Amino acid sequence: MLGFCNRYLGLKVPFLPSHSRYFHLSDPVKLYFPKNEISIKYRSPVTKKIKSMPISEMMAISNPSLTRKSRNVFHPHPMLTSGHTQTFWAALVGDHMNPQRVKYEREIVKAPDGGIISLDWTTLPKRASLKPTPLIFILHGLTGGSHESYIQDMVLSLKKYGYECVVMNFRGCCGTEVMSPQLYCGAYTGDVQLCVNHIKKRDPQAVLFGIGFSLGSNVITKYTGQLGYNCPFVGLVSVGNPFDFLGANRAMHRTYIGRLIYSKRMGANLLRMFAKHLHIFKDAEWLDLDELNNAKNIVEFDAAATSKSFGYKTVDEYYRFGSCAYDIPYIQIPTLFLNSMDDPVCSSFVIPYNEIKSNPHTVLATTEFGGHLGWFQDGWDNLVPAKRWFSGPVAEFVNTIMEAHLSLPVSETKREFKVDAGGTPWMSMRSQTDSIRKELISLRKEVRFLEESKQINRSMSNLIEKFYGVNADSPVESDKDSAISLQSVKVVSSEVEMVSIPQITISTGTQAELDLTNKSVQSETQTNSTSTSPIKGINPIASPSKQVGKPLRLEELSIRGLVKYLFAFFRKNQFAFLMFLFGYISRKQLS
């Protein structure tokens, strides 16, 4: 019975001890550092010199909640010992038992399409600061906002270190009206860029650090990976990241609780938000009210509304392209990923371990318990008001990276940040890498062809030297001690497109002209001003500049020029070329 409750209902029946901790619920945090981890620069407070330290060593000193033994342990509340109970209590606290503990000042940012995004500041700056000022940029989860209990816990923990925060509310969330026929999704990073640009214009000296939760963590991670070296953040923390929408949704829908509770509840929240602003979408071509009204879970809602509004053909295509796991290898700032292994919404089976460990800038921290954005820790008085564990380690990591960055002189931290007035994300690092990879492939092909052509030219030179006793690299001497060297043959035709190869360009047409260029031997041939050419119709080689561009007939070519011409013509069929060459040589010997 206990096994059934634990497996299918997610309920563990605890035998309450006198203390609030279970000995079997004391697994430490597991940290996954990359093999080639980055070194964080900082200025020593003693020597005032700039030094660097690996991120693992710096976290061991300044992040004891994640690295130090006996302190890097999350003890779940004895009444919330599974991922389901932690997640249920997080939803209950967020909806009904969450007093407003943080006061915000709201600012409205207008998007180019007519929509609006709201920014909730802990302290709205009246003027631009004169020196670098730290600012924490926070994104909430699906249908959440700055009022959520996990957001307030994070803000209060950061306030202890003296950091000001700004929470970005997605369109339609936390009292933000929808003014244009566009909502938000996990794949669209344009609104994040728009708000970051607005903050940078308001205060160019602001030093931004990004934090994202659930859907917001996917968006901000994707944004950071897309910008790569151009990212305006100095660091990033991702909490409860789904990483792979398609895999996480399929894992959630494998269980009864996932299908009937989590997915249905998230879909109902999205439908409720969409229904409030239905008049904005009434003229949308993609809107199908029957399909939308029949949506019973989050997947069906995304298929009926989200994927269509953002131009995706299917909901699976949206899930694939919207997943941030593909952008993690391109992150170029210190990043911490914090996930729970018993998260019923963002399954641990889709955590991209290899992508995180292959990037020297990223660190993964996992806990055995915590649920989805839960992490309610032990203590009977921690349920109402709820006390979460994750806010402490995250605030320590933020303070570690931010202090190291602020200790450096401005010359060491200055980075170019191009403020774009639009709301469209910049070209992703993955797109840039793909274009560079294509260029490298084409360059490799050219280099390979050059090497093959050099080998063939070398073998042809050996053949000519063997049968004629003439070195192909030296000018061919005539009876009148004249020399001519054909370095390149160019066939000109206006009817057929040119095909370029090293030193030789061949084209087929009705009017073919051969141009001889003798650049390599100009300095040698200019001294032979009195010599005459053995080929009829060609001026003496004493004035090579007059020979450039002079048309020749095929029968006027020297033996070496003919060999090169035939090699270029039969380059795609070496066997036919060799048969023709040996036939030509045999006929010359018989004659």
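Everything that follows concerns the structure shown earlier in this document.
The structure reproduced in this document is the subject of the present report.

Thresholds, definitions, all that
Residues numbered from 1 in each chain as written. Predicted model: local features only at pLDDT ≥ 70, side-chain atom pairs only at ≥ 80, totals over all residues. Heavy atoms only, no water. Helix = DSSP H or I, 4+ residues; strand = E, 2+ residues; numbered from the N terminus. Buried < 20%, exposed > 50% of the residue type's maximum accessible area, 1.4 Å probe, protein only. Areas by Shrake-Rupley, 256 points an atom, 1.4 Å probe, with all protein chains shown as cover. Pairing = 2+ DSSP bridges. Right-handed = clockwise from strand over helix to strand, strands pointing away. Axes fitted to C-alpha atoms, helices over the stretch in contact; angles between N-to-C directions. Contact = heavy atoms within 4.5 Å. Phe/Tyr/Trp six-rings, centres within 6.5 Å; stacked < 30°, edge-to-face > 60°. Salt bridge = Lys/Arg side-chain N within 4 Å of Asp/Glu carboxyl O.

With that settled, consider the overall build of the protein chain. Check the secondary structure of the protein chain and you find 19 helices and 17 strands. Relative to its 591 residues, the protein chain shows a buried fraction of 51%. Carbon and sulfur atoms form 55% of the exposed surface of the protein chain, whose accessible area is close to 30200 Å².

Before going further, it helps to examine the pairing of strand 9 (residues 233–239). Burial analysis of strand 9 places 7 of its 7 residues in the buried class, which makes it a mostly covered element. Pairing between strand 8 (residues 206–213) and strand 9: 5 bridges, direction parallel. Considered in strand 9, the bridge of Phe213 is made with Val239. In this fold, strand 8 hands off to helix 7 (residues 215–227), which returns the chain to strand 9; that crossover is right-handed. Here 4 bridges tie strand 9 to strand 10 (residues 335–340), and the two strands are oriented parallel to one another. What sits directly across from Val237, in strand 10, is Leu336.

The next point concerns the sheet that holds strand 7 (residues 164–169). Strands belonging to one sheet form pairs held by backbone hydrogen bonds; the direction of such a pair is parallel or antiparallel. Judged by pairing direction, the sheet is mixed, and its 9 strands sit side by side in the order 1-11-10-9-8-6-7-5-4 without closing on themselves. At either end of the open sheet lies a strand with only one pairing partner, and these are strand 1 (30–32) and strand 4 (105–110). Across the sheet, the mean angle separating the axes of adjacent strands is 20 degrees when strand polarity is ignored. Across 6 bridges, the pairing between strand 10 and strand 11 (residues 362–367) is parallel. Across the sheet, the residue bridging to Ser340 is Thr367, located in strand 11. Here helix 6 (residues 190–202) sits on the sheet in contact with strand 4, strand 5 (116–121), strand 6 (133–139), strand 7, strand 8 and strand 9, set at roughly 55 degrees to strand 5.

Next up on the list: unusual backbone geometry. For Leu373, which is not glycine, the phi dihedral falls at a positive 55 degrees. On the secondary structure map, Leu373 appears in the loop between strand 11 and helix 14 (391–407). Positive phi outside glycine occurs at Trp375, with the angle close to 60 degrees. Structurally, the position occupied by Trp375 is in the loop between strand 11 and helix 14. Accessibility expressed as a relative area gives 0% for Trp375, which makes it buried.

This part takes up the pairing of strand 2 (residues 39–43). Residues Ile40 and Tyr42 point to one face of strand 2 and are all buried, whereas Ser39, Lys41 and Arg43, pointing to the other face, are not buried. Relative to strand 3 (residues 50–54), strand 2 runs antiparallel, the two sharing 5 bridges. Note on strand 3: the bridge partner recorded for Arg43 is Ile50. Between strand 2 and strand 3, which pair antiparallel and follow one another directly, the connecting turn spans 6 residues, one of which, Lys48, has a positive phi of 60 degrees.

In this structure the tally under the stated criterion is 20 aromatic pairs. Ring centres 5.7 Å apart and planes at 55 degrees place the aromatic pair Trp375 and Phe390 in the tilted group. Remark: Phe390 occurs in the loop between strand 11 and helix 14 and Trp375 occurs in the loop between strand 11 and helix 14; sequence separation between them is 15 residues. Side by side, Trp375 and Phe390 carry an identical accessibility label, which is buried.

Pairing is possible between side chains of opposite charge, provided their charged atoms come close. Tallying each qualifying case throughout the model produces 11 salt bridges. Note that Asp153 is salt-bridged to Arg388, the shortest N-O span being 3.4 Å. One end of the pair, Asp153, is in helix 5 (residues 149–160); the other, Arg388, is in the loop between strand 11 and helix 14, and 235 residues separate them in sequence. Given the relative accessible area of 7%, Asp153 is considered buried. Judged by its relative accessible area of 5%, Arg388 falls in the buried class. One continuous salt-bridge network, built from bridges that share partners, spans Arg101, Asp153 and Arg388.

The analysis is restricted to geometry; functional conclusions fall outside its scope.
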